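Here are the chains, one letter per residue:
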Amino acid sequence: MEKSKLREWLSAFVEAIIIAVILYFLAWPFLIEGSSMENSFETGDRVFVSRLCAYLNLIDYNDVILCKINYNGNEEIIVKRVIGKPGDHIVIKDKQVYINDLALIEPYIKNPISTDGSVDLILKDDEYYVLGDNRDKSTDSRFFGAIKKSDIEAEVIFRWYPFGDMEFVP
(Lines give C-alpha, C1' and ligand atoms only; values in the text may rest on other atoms or scores of the structure.)
Protein backbone atom coordinates (compact mmCIF):
# COMPACT_ATOMS: atom_id res chain seq x y z
CA MET A 1 0.00 0.00 0.00
CA GLU A 2 2.86 2.43 0.79
CA LYS A 3 4.39 1.94 -2.66
CA SER A 4 1.03 2.70 -4.31
CA LYS A 5 0.66 5.97 -2.34
CA LEU A 6 4.23 7.01 -3.15
CA ARG A 7 3.68 6.31 -6.83
CA GLU A 8 0.44 8.33 -6.74
CA TRP A 9 2.15 11.32 -5.08
CA LEU A 10 5.10 11.12 -7.47
CA SER A 11 2.74 11.03 -10.45
CA ALA A 12 0.83 14.08 -9.16
CA PHE A 13 4.11 15.93 -8.58
CA VAL A 14 5.35 15.21 -12.12
CA GLU A 15 2.00 16.32 -13.57
CA ALA A 16 2.17 19.56 -11.59
CA ILE A 17 5.69 20.28 -12.89
CA ILE A 18 4.60 19.63 -16.47
CA ILE A 19 1.59 21.93 -16.08
CA ALA A 20 3.77 24.66 -14.52
CA VAL A 21 6.27 24.46 -17.41
CA ILE A 22 3.47 24.64 -19.99
CA LEU A 23 1.90 27.63 -18.24
CA TYR A 24 5.30 29.34 -17.95
CA PHE A 25 5.59 29.33 -21.74
CA LEU A 26 1.95 29.74 -22.79
CA ALA A 27 0.19 31.97 -20.26
CA TRP A 28 2.06 33.33 -17.26
CA PRO A 29 0.49 36.09 -15.11
CA PHE A 30 2.10 39.54 -15.00
CA LEU A 31 1.20 42.76 -13.14
CA ILE A 32 1.28 46.05 -15.08
CA GLU A 33 3.02 48.85 -13.19
CA GLY A 34 3.52 52.44 -14.27
CA SER A 35 1.77 54.83 -16.62
CA SER A 36 3.80 54.40 -19.81
CA MET A 37 1.16 52.22 -21.51
CA GLU A 38 -1.95 54.27 -20.63
CA ASN A 39 -4.68 54.20 -22.04
CA SER A 40 -4.09 50.66 -23.24
CA PHE A 41 -3.04 49.41 -19.78
CA GLU A 42 -3.29 50.99 -16.34
CA THR A 43 -1.25 50.37 -13.20
CA GLY A 44 -2.73 47.33 -11.48
CA ASP A 45 -3.96 45.63 -14.65
CA ARG A 46 -3.16 41.94 -14.67
CA VAL A 47 -2.33 40.16 -17.89
CA PHE A 48 -1.19 36.82 -19.19
CA VAL A 49 2.01 36.78 -21.21
CA SER A 50 3.29 34.15 -23.62
CA ARG A 51 7.00 33.40 -23.65
CA LEU A 52 6.41 30.98 -26.51
CA CYS A 53 5.70 33.88 -28.89
CA ALA A 54 9.12 35.34 -28.12
CA TYR A 55 10.94 32.01 -28.37
CA LEU A 56 9.30 31.19 -31.71
CA ASN A 57 10.01 34.70 -33.02
CA LEU A 58 6.31 35.47 -33.54
CA ILE A 59 6.68 39.12 -32.48
CA ASP A 60 5.06 41.52 -34.94
CA TYR A 61 4.19 45.20 -35.34
CA ASN A 62 1.94 46.62 -32.59
CA ASP A 63 2.46 43.61 -30.30
CA VAL A 64 2.68 44.58 -26.65
CA ILE A 65 5.71 42.88 -25.16
CA LEU A 66 7.73 42.48 -22.00
CA CYS A 67 11.34 43.35 -22.63
CA LYS A 68 14.44 43.47 -20.52
CA ILE A 69 16.40 46.72 -20.54
CA ASN A 70 19.42 48.10 -18.78
CA TYR A 71 18.89 51.85 -18.47
CA ASN A 72 20.95 54.13 -16.22
CA GLY A 73 22.54 51.07 -14.60
CA ASN A 74 19.21 49.49 -13.66
CA GLU A 75 18.03 46.26 -15.25
CA GLU A 76 14.27 45.92 -15.39
CA ILE A 77 11.41 44.30 -17.27
CA ILE A 78 9.16 46.83 -19.00
CA VAL A 79 5.98 46.71 -21.08
CA LYS A 80 6.12 48.42 -24.49
CA ARG A 81 4.60 48.24 -27.98
CA VAL A 82 6.65 47.02 -30.97
CA ILE A 83 6.89 49.82 -33.51
CA GLY A 84 9.79 48.63 -35.65
CA LYS A 85 11.25 45.27 -36.65
CA PRO A 86 14.64 44.24 -38.06
CA GLY A 87 15.58 46.15 -41.21
CA ASP A 88 13.02 48.94 -40.69
CA HIS A 89 13.93 52.59 -41.15
CA ILE A 90 12.60 54.47 -38.09
CA VAL A 91 12.20 58.25 -38.17
CA ILE A 92 10.67 60.45 -35.50
CA LYS A 93 10.37 64.10 -36.43
CA ASP A 94 7.82 66.83 -35.79
CA LYS A 95 6.09 64.56 -33.21
CA GLN A 96 5.32 61.93 -35.89
CA VAL A 97 6.67 58.37 -36.16
CA TYR A 98 7.58 57.08 -39.64
CA ILE A 99 8.33 53.46 -40.50
CA ASN A 100 9.99 52.96 -43.89
CA ASP A 101 8.88 56.47 -44.95
CA LEU A 102 5.21 55.89 -44.03
CA ALA A 103 3.58 57.88 -41.24
CA LEU A 104 2.54 55.48 -38.49
CA ILE A 105 -1.16 55.61 -37.58
CA GLU A 106 -1.40 55.04 -33.83
CA PRO A 107 -4.98 55.02 -32.50
CA TYR A 108 -3.78 53.53 -29.19
CA ILE A 109 -1.55 56.39 -28.01
CA LYS A 110 -2.79 58.60 -25.19
CA ASN A 111 -1.79 61.95 -26.69
CA PRO A 112 -1.30 61.86 -30.47
CA ILE A 113 0.93 64.93 -30.55
CA SER A 114 3.36 63.87 -27.84
CA THR A 115 5.98 61.76 -29.59
CA ASP A 116 8.97 63.93 -28.82
CA GLY A 117 12.43 63.12 -30.05
CA SER A 118 14.57 63.17 -33.13
CA VAL A 119 15.32 59.71 -34.43
CA ASP A 120 16.60 58.45 -37.78
CA LEU A 121 17.92 54.90 -37.77
CA ILE A 122 17.81 51.59 -39.56
CA LEU A 123 17.29 48.59 -37.30
CA LYS A 124 19.85 45.78 -37.47
CA ASP A 125 18.94 42.14 -38.08
CA ASP A 126 18.23 41.42 -34.41
CA GLU A 127 16.79 44.79 -33.30
CA TYR A 128 13.29 46.01 -32.46
CA TYR A 129 12.08 49.55 -31.74
CA VAL A 130 9.60 49.86 -28.87
CA LEU A 131 7.54 52.78 -27.59
CA GLY A 132 5.07 53.28 -24.76
CA ASP A 133 1.50 54.31 -25.60
CA ASN A 134 1.68 57.24 -23.17
CA ARG A 135 4.65 58.93 -24.82
CA ASP A 136 4.85 61.77 -22.27
CA LYS A 137 5.46 59.24 -19.46
CA SER A 138 7.37 56.54 -21.32
CA THR A 139 11.03 55.64 -21.17
CA ASP A 140 11.41 53.68 -24.38
CA SER A 141 13.63 53.21 -27.44
CA ARG A 142 13.82 56.99 -27.87
CA PHE A 143 15.95 56.98 -24.71
CA PHE A 144 17.69 53.58 -24.53
CA GLY A 145 17.78 52.72 -28.23
CA ALA A 146 16.59 49.64 -30.06
CA ILE A 147 16.30 46.41 -28.11
CA LYS A 148 17.78 43.08 -29.15
CA LYS A 149 15.61 40.10 -29.96
CA SER A 150 17.19 38.36 -26.96
CA ASP A 151 15.78 41.15 -24.72
CA ILE A 152 12.18 40.23 -25.58
CA GLU A 153 10.83 38.15 -22.72
CA ALA A 154 7.19 37.61 -23.73
CA GLU A 155 4.15 38.95 -25.55
CA VAL A 156 1.10 40.22 -23.65
CA ILE A 157 -1.80 38.09 -24.88
CA PHE A 158 -4.74 38.60 -22.50
CA ARG A 159 -5.88 41.13 -19.89
CA TRP A 160 -7.71 39.26 -17.13
CA TYR A 161 -8.05 42.00 -14.50
CA PRO A 162 -9.94 44.23 -13.99
CA PHE A 163 -12.62 41.68 -14.75
CA GLY A 164 -14.78 44.22 -16.58
CA ASP A 165 -11.93 44.89 -19.04
CA MET A 166 -11.05 41.26 -19.81
CA GLU A 167 -9.89 40.93 -23.42
CA PHE A 168 -7.41 39.33 -25.74
CA VAL A 169 -4.72 41.86 -26.51
CA PRO A 170 -4.76 42.59 -30.25
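Structure first, text after, so check above.
Keep in mind the model is a prediction, meaning the values are calculated, not measured.

**Q** What is the right way to look at the overall build of the protein chain in this model?
**A** Looking only at helices and strands, the protein chain features three helices and 12 strands. Principal-axis analysis of the C-alpha atoms places the extent of the protein chain at approximately 75 × 40 × 30 Å. A burial count over the protein chain gives 37% of its 170 residues as buried. Considering only contacts in the protein chain between residues 6 or more positions apart, those separated by 24 or more positions represent 58%. As displayed, the protein chain offers around 10200 Å² of accessible surface, 58% of which is attributable to carbon and sulfur atoms.

**Q** Is there a simple way to think about the sheet that holds strand β8 (residues 119–122) in this case?
**A** What links the strands of a sheet is backbone hydrogen bonding, and the strands pair in either a parallel or an antiparallel sense. The sheet built from four strands is open, its strands ordered β7-β6-β5-β8 with antiparallel pairing. Bordering the open sheet on either side are β7 (102–103) and β8, each of which pairs with just one other strand.

**Q** I would appreciate a short explanation of the nonpolar core in the present structure.
**A** Here is a general trend for soluble globular proteins: nonpolar side chains tend to be buried in one another's company. Ranked by internal contacts, the top residues of the largest apolar core, which has 13 residues, are I59, I65, C67, V130, I147 and I152. Among the elements of the structure, α2 (51–55), β3 (64–71), β4 (74–84) and β9 (127–131) are those that each provide at least two residues to this core. With three residues, the top contributor of residues to this core is β3. When near neighbours in sequence (up to four residues on either side) are disregarded, I147 contacts I65, C67, I69, D126, E127, Y128, V130, S141 and I152.

**Q** Would you mind showing me how to read the environment of A16 here?
**A** Relative to the assigned elements, A16 resides in helix α1 (residues 2–26). A C-alpha to C-alpha distance of 42 Å links A16 and K110, two positions 94 residues apart in sequence.

About the thresholds
- Residues numbered from 1 in each chain as written.
- Predicted model: local features only at pLDDT ≥ 70, side-chain atom pairs only at ≥ 80, totals over all residues.
- Heavy atoms only, no water.
- Helix = DSSP H or I, 4+ residues; strand = E, 2+ residues; numbered from the N terminus.
- Buried < 20%, exposed > 50% of the residue type's maximum accessible area, 1.4 Å probe, protein only.
- Contact = heavy atoms within 4.5 Å.
- Areas by Shrake-Rupley, 256 points an atom, 1.4 Å probe, with all protein chains shown as cover.
- Pairing = 2+ DSSP bridges.
- Core = buried A, V, L, I, M, F, W, Y, C linked by side-chain atoms within 4.5 Å.

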